[in-house]
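Per-entry structural report
What follows is each chain in one-letter form.
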Amino acid sequence: MIHTKGKFIVLEGGEGSGKGTCLEFLKENLSPKKNLFTREPGGTKIGERIREILLDSKNTMMSVETELLLFTAGRVQHLHEKILPALNRGQNIICDRFNLSTIAYQIYARKRENYLDIFNKLEMLFIKQVKVDLYIFLDLEPSEGLKRVTGRGDGHNRFDAEKLDFHKRVRNGYLQALKKYPHKIIDASQPIEVVKNEVLKCVKVIL
């Protein structure tokens, strides 16, 4: 593992949990010189192209294996092109989603617990070079999250369109995976201003 100078914080959560809103709030309240804000899938030009493929609602024939490997490929590019250089410069990284999303969505939600070993091997090869200092999980009942997504009116991606049972498995996957990592769970059913300020408090403690 590489020992970096900056801190690495990740916002995780299901659809409609408010991660994007909280990330924007953090941008407004934290120094842009000391902190770099990014997202997955995405974060780099290559990563954003991969994001388009992964989220495109037309790609209904995509296999679980393709999903898993594309998310990993985008993450490796993100890590080497953006995350590690910033951390080594002494900047802090605050990221909307990282590796726990893959466990929740591609392993548990897709009922591929037998792929945990493959996921762990990919982590050991490509991702374990960096340690996340804190995962902040915005916990929300999936039914409420889907209502919020529907109300946004900005179109559905492939994951928004999944059935409620899929999103219940996503939440369960997160709760299982978080046990192994430093984390804080925030009740995302609270008013958004409360959620944003709780997230900011957690981030400030680490920074």
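Here the structure is shown first, and the text comes after it.
Residues numbered from 1 in each chain as written. Predicted model: local features only at pLDDT ≥ 70, side-chain atom pairs only at ≥ 80, totals over all residues. Heavy atoms only, no water.

A short note on the overall build of the protein
Heads up, the rule is: Labels follow the DSSP assignment, with helices taken as runs of H or I lasting at least four residues and strands as runs of E lasting at least two, numbered in each case from the N terminus. Throughout, exposure labels follow a simple rule: accessible area from a 1.4 Å probe, protein chains only, divided by the maximum for the residue type, with under 20% read as buried, over 50% as exposed, and the rest as partly exposed. What makes two residues a contact is simply this: any of their non-hydrogen atoms within 4.5 Å. Calculation of accessible area relied on Shrake-Rupley with a 1.4 Å probe; when residues are assessed, cover is drawn exclusively from the protein chains displayed. For this count, His and the chain ends are skipped, Lys and Arg are scored as positive, and Asp and Glu as negative. To locate a charge, take atom NZ for lysine, CZ for arginine, CG for aspartate or CD for glutamate.
Scanning the protein for helices and strands turns up eight helices and five strands. Taken over 207 residues, the protein has a buried fraction of 51%. Once local pairs closer than 6 in sequence are excluded, the contacts in the protein between residues at least 24 apart make up 80%. Carbon and sulfur atoms form 53% of the exposed surface of the protein, whose accessible area is close to 10400 Å². Looking at charge distribution, the protein has the averaged site of its 35 positive side-chain charges lying 4 Å from that of its 26 negative ones.

Brief notes about helix α1 (residues 19-29)
Rule in force here: Note that the arc is defined by the directions from the helix axis to the C-beta atoms.
Among the residues of α1, K19, C22, L23, F25 and L26 are the ones counted as buried. For α1, the angular spread of the buried residues around the axis is 160 degrees, confining them to a single face. Residues of α1 that are buried in the fold lie against β1 (8-13), β2 (35-39), β3 (92-96), β4 (134-139) and α8 (192-206).

Observations concerning unusual backbone geometry
For the bond from E40 to P41, the omega torsion is -10 degrees, close enough to zero to count as cis. Within the secondary structure, P41 is located in the loop between β2 and α2 (45-55). Phi is positive for R97, close to 80 degrees, though the residue is something other than glycine. Within the fold, R97 resides in the loop between β3 and α4 (99-109).

Thoughts on the pairing of β4
The line we're drawing: Only when DSSP finds a minimum of two bridges between them are two strands counted as paired.
With six of six residues buried, β4 lies mostly within the body of the structure. Burial along β4 is two-sided: L134, I136 and L138 and Y135, F137 and D139, pointing in opposite directions, are all buried. Pairing between β4 and strand β5 (residues 183-187): five bridges, direction parallel. Of the residues in β5, the one forming a bridge with Y135 is H183.

Observations concerning the packing of aromatic side chains
Cut-off, in case you're wondering: Each aromatic pair joins two rings of Phe, Tyr and Trp (for Trp, the six-membered one) with centres within 6.5 Å, and gets the label stacked for planes under 30 degrees apart, edge-to-face for over 60, and tilted for any other angle.
Applying the stated criterion across every chain yields a total of seven aromatic pairs. Taking the centre distance of 6.2 Å and the plane angle of 50 degrees together, the rings of F71 and F159 count as tilted. Residue F71 is located in helix α3 (residues 64-89), and its partner F159 is located in the loop between α6 (142-152) and α7 (164-178); the two are separated by 88 residues in the primary sequence. The pair F71 / F159 is uniform in exposure class, with both members buried.

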